[in-house]
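The lines below spell out each chain.
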Amino acid sequence: MAVIGAGVVGLSTALWLQRYGHQVEIIDPAPPLPGMDFRRAASFGNAATIAPNAIFPVASPGILWKVPGMLLDKEGPFSLYWRDLPDLLPWLSAFILSSRKPRFDHLTSCLATLMRHIEVGHAPLMAEVGDIRLGRGTGSLHLYRSEAELKSAHVAMVRRNQEGIRGDILTAAQIREREPNLAQEYYGGALFHDAYVLDDPEAYCHGLARAIIARGGSFTRGSAEDLEINGAGLTVRTSLGLIKSDRVVLSAGAWSRDLARRSGQSLNLNTERGYHVSFTSQKELLSHPVMYPSDGFFLVPMAGEIRAAGTVELGGLDKPTRPVRLEVLERKARRMLPGLGTKRSDWLGFRPSTPDSLPFIGPSLRDPRLFFACGHGHLGLTLGGITGKLIAALVSGEKPELDLAPFSPGRSTSGLRLADPCPRHNPSRRRGS
Ligand SMILES: Cc1cc2nc3c(=O)[nH]c(=O)nc-3n(C[C@H](O)[C@H](O)[C@H](O)COP(=O)(O)OP(=O)(O)OC[C@H]3O[C@@H](n4cnc5c(N)ncnc54)[C@H](O)[C@@H]3O)c2cc1C
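Residues numbered from 1 in each chain as written. Predicted model: local features only at pLDDT ≥ 70, side-chain atom pairs only at ≥ 80, totals over all residues.

Chemist: Can you help me understand the overall build of the chain in this one?
Modeler: The helix and strand inventory of the chain stands at twelve helices and 21 strands. Compactness check: the chain gives a C-alpha radius of gyration of 21 Å against a globular reference of 22 Å for 433 residues, within 12% of the reference. Counting only C-alpha atoms and orienting by the principal axes, one finds that the chain spans roughly 65 × 45 × 45 Å. Per-residue burial for the chain yields a buried fraction of 50% across its 433 residues. Long-range pairs, those at least 24 residues apart, make up 76% of the contacts in the chain with a sequence separation of at least 6. (Helix = DSSP H or I, 4+ residues; strand = E, 2+ residues; numbered from the N terminus. Rg over C-alpha atoms; globule rule 2.2 N^0.38 Å. Buried ≥ 20, exposed ≤ 12 C-beta atoms within 10 Å, placed from the backbone. Contact = placed C-beta atoms within 7 Å.)

Chemist: Explain the sheet that holds strand E9 (residues 196-198) to me, please; I cannot follow it from the model alone.
Modeler: Read across the sheet, three strands follow the order E3-E9-E5 without closing on themselves; strand pairing throughout is antiparallel. Looking at strand neighbours, the two that pair on one side only are strand E3 (49-50) and strand E5 (134-135), the edges of this open sheet. Summarising the sheet, E3 and E9 pair through two bridges and their orientation is antiparallel. By the bridge assignment, Ile-50 is partnered in E9 with Tyr-196. (Pairing = 2+ DSSP bridges.)

Chemist: Explain the site of the ligand here, please?
Modeler: Contacts to the ligand come from 45 residues, most closely from Gly-7, Ala-47, Gly-253, Gly-274 and Gly-380. At the level of secondary structure, the elements contributing two or more residues to the shell around the ligand comprise helix H1 (8-19), helix H2 (42-45), strand E15 (270-280), strand E18 (305-314), strand E19 (343-353) and helix H12 (380-395). Examining the composition of the shell around the ligand, we find that four residues originate from one element, E19, more than from any other. (Near = placed C-beta within 6 Å.)

Chemist: What exactly am I supposed to notice about the packing of H1 against H12 here?
Modeler: Any two packed helices are characterised by how steeply their axes cross, that is the angle between the axes, and by the distance between the axes. Orientation of H1 relative to H12, taken along the N-to-C sense of each, is 35°, at an axis distance of 7 Å. Crossing hand, H1 versus H12: right-handed. Side by side, H1 and H12 meet where Val-8, Val-9, Ser-12, Thr-13, Leu-15, Trp-16, Leu-17 and Arg-19 of the first sit next to Gly-380, Leu-381, Gly-384, Gly-385, Thr-387, Gly-388, Lys-389, Ile-391, Ala-392 and Val-395 of the second. For the contact of H1 with H12, the residue count by class is nine nonpolar, seven polar and two charged. (Axes fitted to C-alpha atoms, helices over the stretch in contact; angles between N-to-C directions. Left-handed = near helix turned anticlockwise from the far one by under 90°. Nonpolar A, V, L, I, M, F, W, Y, C, P; charged D, E, K, R; others polar.)

Chemist: Would you mind going over the pairing of strand E20 (residues 360-363) with me for this structure?
Modeler: Taken residue by residue, a regular strand's side chains alternate between the two faces of the sheet. Across four bridges, the pairing between E20 and strand E21 (residues 370-374) is antiparallel. Looking across to E21, one finds that Phe-360 is bridged to Cys-374. The hairpin turn running from E20 into E21, its antiparallel successor, is six residues long.

Chemist: Even after reading the chapter, I still don't get the sheet that holds strand E13 (residues 241-245), so can you show me in this structure?
Modeler: Remark on secondary structure: sheet strands pair via backbone hydrogen bonds, oriented parallel or antiparallel. Taken together, three strands build an open sheet; the order of strands is E11-E12-E13 and the sheet is antiparallel. At either end of the open sheet lies a strand with only one pairing partner, and these are strand E11 (224-230) and E13. For this sheet the average axis-to-axis angle between neighbouring strands, irrespective of direction, equals 20°. One ladder, built from six bridges, connects E11 with strand E12 (residues 233-238); its direction is antiparallel. Counterpart to Glu-228 in the pairing with E12 is Thr-235.

Chemist: Quick question: what am I supposed to make of the nonpolar core here?
Modeler: Generally speaking, nonpolar side chains in soluble globular proteins are found buried as a group. Counting 112 residues, the largest nonpolar core has Ile-4, Leu-250 and Ile-391 as the members making the most contacts within it. The greatest single-element share of this core, amounting to nine residues, is contributed by H12. Among all residues touching Leu-250, those that are not within four sequence positions of it are Ile-4, Ser-256, Leu-259, Ala-260, Leu-370, Phe-372 and Cys-374. Core analysis: the next-biggest nonpolar cluster, separate from the first, contains five residues, Val-58, Ala-59, Trp-91 and Ala-94 among them. (Core = buried A, V, L, I, M, F, W, Y, C linked by C-beta atoms within 7 Å.)

Chemist: Would you mind going over unusual backbone geometry with me for this structure?
Modeler: Generally, phi is negative for residues other than glycine and the peptide bonds are trans, each holding for most cases. In the Ramachandran plot, Thr-311 falls in the positive-phi region, its phi being about 65° despite a non-glycine side chain. Positionally, Thr-311 belongs in strand E18. We note that Ser-357 has phi near 65°; this positive angle belongs to a residue other than glycine. Its 26 C-beta neighbours within 10 Å are what place Ser-357 among the buried residues.

Chemist: Just to check I follow, could you spell out the pairing of E15 for this structure?
Modeler: Within E15, ten of the eleven residues are buried, which leaves the element mostly enclosed by the surrounding structure. Relative to E19, E15 is paired through ten bridges, and the arrangement is antiparallel. Paired with Ser-278 across the bridge in E19 is Ser-345. Sheet topology places E15 next to E18; eight bridges connect them, and they run antiparallel. Counted as the bridge partner of Ser-278 is Arg-307 from E18.

Chemist: Got a minute to help me understand the packing of H1 against helix H9 (residues 201-214) in this structure?
Modeler: Between H1 and H9, the shortest axis-to-axis distance is 10 Å and the interhelical angle comes to 30°. Judged on the interaxial angle alone, H9 and H1 are roughly parallel. Crossing handedness for the pair H1 and H9: left-handed. Between H1 and H9, the residues in contact are Val-8, Leu-11, Ser-12, Ala-14, Leu-15 and Gln-18 and Cys-205, Leu-208, Ala-209, Ala-211 and Ile-212, respectively. (Parallel < 35°, antiparallel > 145°, perpendicular 65-115°, else oblique.)

Chemist: Explanation requested: the confidence of the model for the chain in the structure shown.
Modeler: Detail in the predicted coordinates should be disregarded across regions flagged by low pLDDT. Put simply, the chain has an average pLDDT of 92, and 96% of its residues get 70 or more. For the stretch residues 418-433, pLDDT sits under 50, and the model shows 32 contacts to residues farther than four places along the chain or on other chains. (pLDDT = per-residue confidence, 0-100.)

Chemist: Where do I start with the environment of Gly-315 in this structure?
Modeler: Within the element layout of this structure, Gly-315 appears in the loop between E18 and helix H11 (323-336). The buried category is assigned to Gly-315, around which 22 C-beta atoms lie within 10 Å. Along the primary structure Gly-315 and Arg-273 are separated by 42 residues, whereas in three dimensions their C-alpha atoms are 6.6 Å apart. Setting aside residues up to four positions removed in sequence, Gly-315 forms contacts with Leu-80, Tyr-81, Asp-84 and Arg-273.

Chemist: Quick question: what am I supposed to make of the environment of Val-312 here?
Modeler: Mapped onto the secondary structure, Val-312 falls in strand E18. A residue is classified by how many C-beta atoms lie within 10 Å of it, and Val-312, with 22 of them, is buried. Spatially, the C-alpha atoms of Val-312 and Arg-273 are 5.6 Å apart, while their sequence positions differ by 39 residues. Leave out the neighbours within four places in its chain, and Val-312 touches Pro-77, Phe-78, Glu-272, Gly-274 and Gly-296.

This is the structure we're talking about:
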């Protein structure tokens, strides 16, 4: 089997395919292997947080009225390049349609269902990779600066609790007790007990790649340029030559859209650019991943650094870093945690985002031998493992453990065509775990 793309989603899928008994060849011009530069992948520099509490789609009710204000605020968490508007229109219109309350509720249920399965996707892979340190046990902390923000957090917590997410609302004093070094400006917070942090998401991807090689998998360090489908099988034209395969998984993150189009399937996928700035870490300055949601980034204690990562910029795949976004991120991080040390590094990454915040997991409408595992937006690290397991089950002709209709590459991402069915839990026999 060929897997296109070696970010956390492609790698997790390849390793799950091997666990189900398939041979894999991964195609990526810059995979996480010694001597290669993995920085272009979103999986390189994310906020490292496995976040089962992140069940709400980005397009929330009322967002249409908030966006103009966010765009006018040069320091806000959201920005776009106006000249990209024509390319963005299908995505933005589906995004706005996804924010209608009934649709938002439906999408929340879909994401929550997927979240309930993340550990069966991750645990076997993490055990196989070994040598990773997980910041477990603290949970993650969302902060609020006003009574109004905390009230909304209460409402969201009720919904989360209904979906089985464990969390509590905290007072300002309880926040200070847990994180005494944070600025004393938070009115309250929410603690999500089951979230945890990977010490180093890049190292995890290297570990996955090593595990794949140890099982006999191979890497072609070239770029997939075209996908041809015919009776005999699928042919991937790469920068290094043709690769023929009986089945192919497309998991090239934000770069999947053009390859999908070449295969005859259109995907409503765009990129939400995000940044990180990392700081030298002082011991015990921070113990949880913390987020002030209105600023749109996480501050995360990691191996040897504290990383501020997040914000959203609709800007395609080719434009350079915008220094002003990094400056704002750094300033806001220092406001949140005044004791932060010196800046160590920064990074721009490309989230592969769908307008309805659900990933594409499933076969192509054009040919059932082509599978899509892309579009994980803000949650690819969280959802990589379960995505891989679901794809491996499909490829093996098994019934996956949940209904994948809401994640179908052929769904309407605006919800305007037929209503997407709600996911149903479908316990099936476990394999390969
Ligand atoms: C600032 C920021 C913070 C984030 N924080 C979190 C977080 O805390 N938790 C979380 O769950 N998620 C987080 N995310 C999201 C997460 O990082 C992504 O959803 C995830 O990394 C996507 O993984 P992927 O494998 O789909 O894509 P990528 O990691 O982008 O990998 C795609 C791969 O495809 C390859 N490729 C591209 N074109 C081709 C081609 N033509 N042929 C072959 N290969 C190709 C690339 O080289 C790359 O290696 C964050 C993202 C950002 C930007």
